[in-house]
Every structure is written in structure tokens, then in C-alpha cells.
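Structural description and commentary
One-letter residues, chain by chain:
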Amino acid sequence: MAEQAREGWRRALGKGGLALGSTLVALLVAEGALRVLDVAPDRYGHPWHLETEDKRLGLDVYPDDPRDYFPLDLSDEATRARWRERGLPEVEERWRLTPHAVPFTYDDELCRGEPPGPPPPDRPRVVAIGDSFTEGQGVRQEDTYAAVLDRRLDAQVLNCGRRGYDFPRIAEWLDEKLVLAPDVVVYGMILNDPQQSEAFHERQAFLDDWILDRRRMVMHEPGGPPAWPPRLWMLVDDRLERMRVGAETTRWYRDMVGEPNRAGWEATLDQIASMHETMRARGGHLVVVLWPLLVDLDGDYPFAGVHATIAEALGARGVPFHDALPAFRGRDATELWVHPTDRHPNEVAHRLFADEVEAALTDVLPTGGSRS
């Protein structure tokens, strides 16, 4: 019996050794193939926003130009010299890592584009407010949804979006822009705009916010992948990290309008209602149009419930609201991104959003506002 047991162990060990050896050979072959094909997780130079001290000029800079869209090539010395002379010496620090750029100009009210002058006597004035989605991060001025609508509508449309603004700053910004005498204010809302408690906001530090893919950004020349760890491990680890961060980020966005951020969300609703009343008291209108986040639009969009919560809450307060999500459903989100690491809406997404804003303005602009 003992001899039979020993023989059974030898066979089991032999099979285990054979399986282990086969697995190791398969892993080595896979690793060799990945190295021959130069497959590794993508890494990019960190996009950046450069701005003059008076905030009247700026550049969004990117590591490459996969869509052949960015108009400036900072690897050209003459181009860099022009922007250095205009007050952006940082181009010399950034251009090697991020040589492709989009220019920005701002007027005295820090709205994008040239000064609008006095309100036109024969056309209503529409002021678009919001954050980087409205400002048009990575997007040429003429391609932003405000500029599209300015050409399309029988109205003057000003782009007063400012990147990084959320509540309560957005409400304060509307008060400041009343000097422009708007007949209509369009607030281009995104899901991370609500006011946040300090504890809730700290959770975001560990997240990829579905807008900037920070995991793939580096502050130095990306170069080639390191010799160690193995490529196969890097790809698996990258995938697992993306899944973990994605799950945490999705939960954070849902909690933004839920119990974990209830005080902040209620304060935000009160501020939007106050913005609505401010415009009504002036004989004007506030219209809220909600952007989708550009993720899984052609699949199981993870924030449909958040959209529904926002729509219900603003509707209960009598705030005119329009959800742009249906216009984006079914589309490949990657084709709407400014850059693979920057998931702000590109010029295609801005045109889609302009269509939705135009529909939302039908009841507040004379004859719908469209030019004949």
C-alpha cells in the first residue's frame, strides 16, 4: 500500500510539474510576443493649460494629435516665440512633452472670444455658463457649442464657461455675468458640478473622474516601457486598476446626488433655484442642459440614474431642464473625446450638444431663435 501511495504521489507531482512547466512556457511565449510586438499599457505626456497672468490668453497643450485637430505646433520655434512674447514663457518648459496646442483668448469678463460690445438691440443675448465642458477644453473657439449656436440662432451667444468651476462658484459666476445683460442664461451642467462636503470631496483624490485619465499621464517623457516588470503583468495590472478605479468612480458620481453628499446636493439645488428666480425677476430665463459623461454611451451607461435624479429634483423646483443624454446614446464615446487621456467633449460632441441646447431654447427665444 505504501508503495502504491508513493507511486500515486510521484504521478501527481509529475503531472503538476508538467502543467506548471507548460504554464511557464506559455507565459514566456506570451511575454516574448508582447515584447516583439511592443505591446504595453499606453502612457502619455500630461496635457496642460497654460495661461497668462491676466488670464486673457491661454493654451491647452497635448502630447500628440491623433485626430489632426490641434492647430498649433509648438515644436516650431517661431510659433513658440510668438507665445513667449505674448506672456507664456512656459511653452519652453512644456513643448517637448506636449507640443500640440489649442489657443484661447478671453475678454475682460473672462468669457472666451473677443469682447462682445453692448447688447444688440435687435437680438436677444444668451450667456452660456458652466465649467470646462462649456469653455471647451481642447476645442477651438469656433467649434464650441456656444459659437455654433451664435452662428445658428437669431441671438448673440457668449461663451462664459470657466474650467474648474462648480458650486457654489457657478452661482456666484452667474451673478457676476449679469453685467452682460443676458436675456437667457444656459447652464451647461455636468455630473461633478454639485457642491461637496470636505469629506466627500477627498474621495475624488483617489479616482479617475471619467474626464481626465490620470492613470495614463506622466510628467516626464514617456519613452519605452521598462524592462521590468514583465509586459504581461503590466497589462493585467493596468486592466485590474482600471476596473477598480472605474467602480470607485462610478460609485462616487452616484453618491454625489445621494445620501453621502446630501447636504451638498441640497445646497446645489437651492442655488440653481435661486439662479432661476434671479433671471425670472429680470424678465429673463435660466435653462439647465445636462451633459452626459462620455463613457459607455453605446453600452450600459452607468449614470442614467443620476440623470434621472437631477431631472426630477430640478423639475420639482420648476427649473427649466433638458437632458442631452439621448442625443449621445449609442455612440462610440472614444470618438467624442478631445484626446485619449482627455475625455472632454471634442468638436463633434459640441455640435451634438448645440443641437440639444437649441431644442431647449425653443420656448424662450422668439420664433425658436433659429435663423431663417
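Not measured: the values here are computed from a predicted model. (Residues numbered from 1 in each chain as written. Predicted model: local features only at pLDDT ≥ 70, side-chain atom pairs only at ≥ 80, totals over all residues. Heavy atoms only, no water.)

Here's the deal with the sheet that holds strand β5 (residues 100-105)
Strand order in the open sheet made by the 4 strands is β2-β3-β5-β4, with antiparallel pairing throughout. A strand with exactly one partner marks an edge of an open sheet, and here the two such strands are β2 (48-51) and β4 (72-73). The pairing of β4 with β5 spans 2 bridges and is classified as antiparallel. Residue pairing across strands places Asp73 opposite His100, the latter belonging to β5. (Pairing = 2+ DSSP bridges. Helix = DSSP H or I, 4+ residues; strand = E, 2+ residues; numbered from the N terminus.)

Here we look at the pattern of salt bridges
Summed over all chains, the structure comprises 19 salt bridges. Where Arg152 meets Glu358, a salt bridge forms, and the shortest distance between an N and an O atom there is 2.9 Å. With Arg152 in helix α5 (residues 145-152) and Glu358 in helix α12 (residues 347-360), the pair connects residues that are 206 residues apart, well separated along the chain. Arg152 sits in the partly exposed class, given a relative accessible area of 27%. In this structure Glu358 comes out as buried when scored by relative accessible area, which is 16%. (Salt bridge = Lys/Arg side-chain N within 4 Å of Asp/Glu carboxyl O. Buried < 20%, exposed > 50% of the residue type's maximum accessible area, 1.4 Å probe, protein only.)

Side note on the packing of aromatic side chains
Aromatic ring pairs are reported here in terms of the distance separating the ring centres and the angle at which the planes meet. The tally for this structure, following the rule as stated, stands at 14 aromatic pairs. When the centroid spacing of 6.1 Å and the interplanar angle of 55 degrees are considered together, the rings of Trp291 and Phe328 count as tilted. In this pair, Trp291 is assigned in the loop between β10 (285-290) and α10 (304-316) and Phe328 in helix α11 (residues 325-328), connecting sequence segments 37 residues apart. Accessibility expressed as a relative area gives 0% for Trp291, which makes it buried. Residue Phe328 is classed as buried on the basis of its relative accessible area of 0%. With a centroid separation of 5.7 Å and 85 degrees between ring planes, the pair formed by Tyr301 and Phe303 is classed as edge-to-face. Note on Tyr301: relative accessible area 3%, which makes it buried. Of the aromatic side chains, those joined through ring pairs into one cluster are Phe133, Tyr145, Trp291, Phe328 and Phe353. The ring of Trp95 carries Arg80 above its face, with NZ or CZ at 4.2 Å from the centroid. (Phe/Tyr/Trp six-rings, centres within 6.5 Å; stacked < 30°, edge-to-face > 60°. Lys NZ or Arg CZ within 6 Å of the ring centre and 35° of its normal.)

With respect to unusual backbone geometry
Where the residue is not glycine, phi is negative for most of them; where a peptide bond is considered, it is trans in most cases. With an omega of 10 degrees, the peptide bond between Phe167 and Pro168 qualifies as cis. Its location among the elements puts Pro168 in the loop between β7 (156-159) and α6 (169-177). The backbone phi angle of Lys55 is positive, close to 60 degrees, even though this residue is not glycine. With respect to the helices and strands, Lys55 occurs in the loop between β2 and β3 (57-62).

So, the nonpolar core
Formed by 74 residues in total, the largest nonpolar core has its most connected members in Ile129, Leu286 and Phe328. In terms of residue count, the dominant contributor to this core is α12 (6 residues). With residues near it in sequence (within four places) discarded, Ile129 still touches Thr134, Tyr145, Cys160, Gly161, Ile170, Trp173, Leu174, Val185, Val186, Tyr187, Gly188 and Met275. Leu57, Leu59, Trp83 and Leu88 belong to the second largest nonpolar core, which has 11 residues in total. (Core = buried A, V, L, I, M, F, W, Y, C linked by side-chain atoms within 4.5 Å. Contact = heavy atoms within 4.5 Å.)

Focus: the sheet that holds β7
Read across the sheet, 5 strands follow the order β7-β6-β8-β10-β11 without closing on themselves; strand pairing throughout is parallel. Two strands bound the open sheet, and with one partner strand each, they are β7 and β11 (321-323). Between one strand and the next, the sheet's axes are offset by a mean angle of 20 degrees, whatever the strand orientation. Examined bridge by bridge, β10 and β11 share 3 bridges and lie parallel to one another. Looking across to β11, one finds that Leu290 is bridged to Asp323. Taken strand by strand, α10 contacts β8 (184-189), β10 and β11, and its axis lies near 165 degrees from that of β11. (Axes fitted to C-alpha atoms, helices over the stretch in contact; angles between N-to-C directions.)

Regarding the pairing of β3
Most of β3 is tucked away: 6 of the 6 residues are buried. Of the two faces of β3, the one holding Leu57, Leu59 and Val61 and the one holding Gly58, Asp60 and Tyr62 are both buried throughout. Direction of pairing for β2 relative to β3: antiparallel, over a ladder of 4 bridges. Among the inter-strand pairings, His49 is bridged to a residue of β3, identified as Asp60. Between the antiparallel neighbours β2 and β3 lie 5 residues, among them Lys55 with a positive phi of about 60 degrees.

Quick look at the state of the cysteines
As enumerated under the stated definition, the model contains 1 disulfide in all. Between the sulfur atoms of Cys111 and its disulfide partner Cys160 the distance amounts to 2.0 Å. With the S-S dihedral at roughly 95 degrees, the linkage between Cys111 and Cys160 falls on the right-handed side. Within this pair, whereas Cys111 is found in the loop between β5 and β6 (125-130), its partner Cys160 is found in the loop between β7 and α6, the two being separated by 49 residues in sequence. (Disulfide = S-S within 2.5 Å.)

Observations concerning the packing of helix α9 (residues 262-281) against α10
One way to put it is that α9 packs onto α10 with a least axis distance of 10 Å and a crossing angle of 50 degrees. By the angle between their axes, α9 is oblique relative to α10. Judged by the twist between their axes, the crossing of α9 over α10 is right-handed. Residues Trp265, Leu269 and Ile272 of α9 pack against Thr309, Ile310, Ala313 and Leu314 of α10. Across the contact of α9 with α10, the residue classes break down as 6 nonpolar, 1 polar and no charged. (Parallel < 35°, antiparallel > 145°, perpendicular 65-115°, else oblique. Left-handed = near helix turned anticlockwise from the far one by under 90°. Nonpolar A, V, L, I, M, F, W, Y, C, P; charged D, E, K, R; others polar.)

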